[in-house]
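What follows is the residue order along each chain.
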Amino acid sequence: MPKYYEDKEEDGRACGGVREDLRQCLLESPCVLQENKSPKQCLREGHCRSLQMTFFACKRSMLDTRARFRGRKGY
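Sequence order sets the numbering: in each chain, residues are counted from 1 along the sequence as written. This being a predicted model, a pLDDT of at least 70 is required before a residue's local features are given, and a value of 80 or more before pairs of side-chain atoms are given or counted; all residues contribute to the totals for chains, interfaces and linings. Heavy atoms throughout the structure, all of them, feed into the side-chain values; hydrogens and water do not.

Caption draft 1: Structural detail: helix H4 (residues 49–63). The helix and strand labels rest on DSSP assignments: H or I over at least four residues marks a helix, E over at least two residues marks a strand, and numbering proceeds from the N terminus. Any helix carries an expected span of 1.5 Å times its number of residues minus one. With 15 residues, H4 ought to run about 21 Å at 1.5 Å a step, and its terminal C-alpha atoms sit 22 Å apart, in line with that. Burial here depends on accessible area, computed with a 1.4 Å probe over protein chains only, as a share of the maximum for the residue type. Under 20% is buried, over 50% is exposed, and the range in between is partly exposed. For H4, the set of buried residues is Leu51, Phe55, Cys58 and Ser61. An end-on view of H4 places all buried positions within 125 degrees of arc, on one side of the element. Along H4, the residues that are exposed and aim more than 90 degrees away from the buried face are Arg60 and Leu63. Note: the arc covers the axis-to-C-beta directions of the helix.

Caption draft 2: Seen up close, the environment of Asp21. By the secondary structure assignment, Asp21 is in helix H1 (residues 16–27). Relative accessible area serves as the criterion here: at 6%, Asp21 is assigned to the buried category. Taking the C-alpha atoms as reference, Asp21 lies 7.5 Å from Leu51; in sequence the two are 30 residues apart.

And the structure:
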């Protein structure tokens, strides 16, 4: 779920908000905390799937020429 903070540092990169939320979701998942696996392994196993798909859609919209008019997907 998106987390917004007033004093949060602004990430100037594309899809920065989704990237940060995906990172937090993976680090707080039971896969990483209890099973001591790496976030990369947990991502392959399917944890935080909705944020992963949102991040993928945001990155894909950067290559889409129609994004000039519609804007990037995600937040």
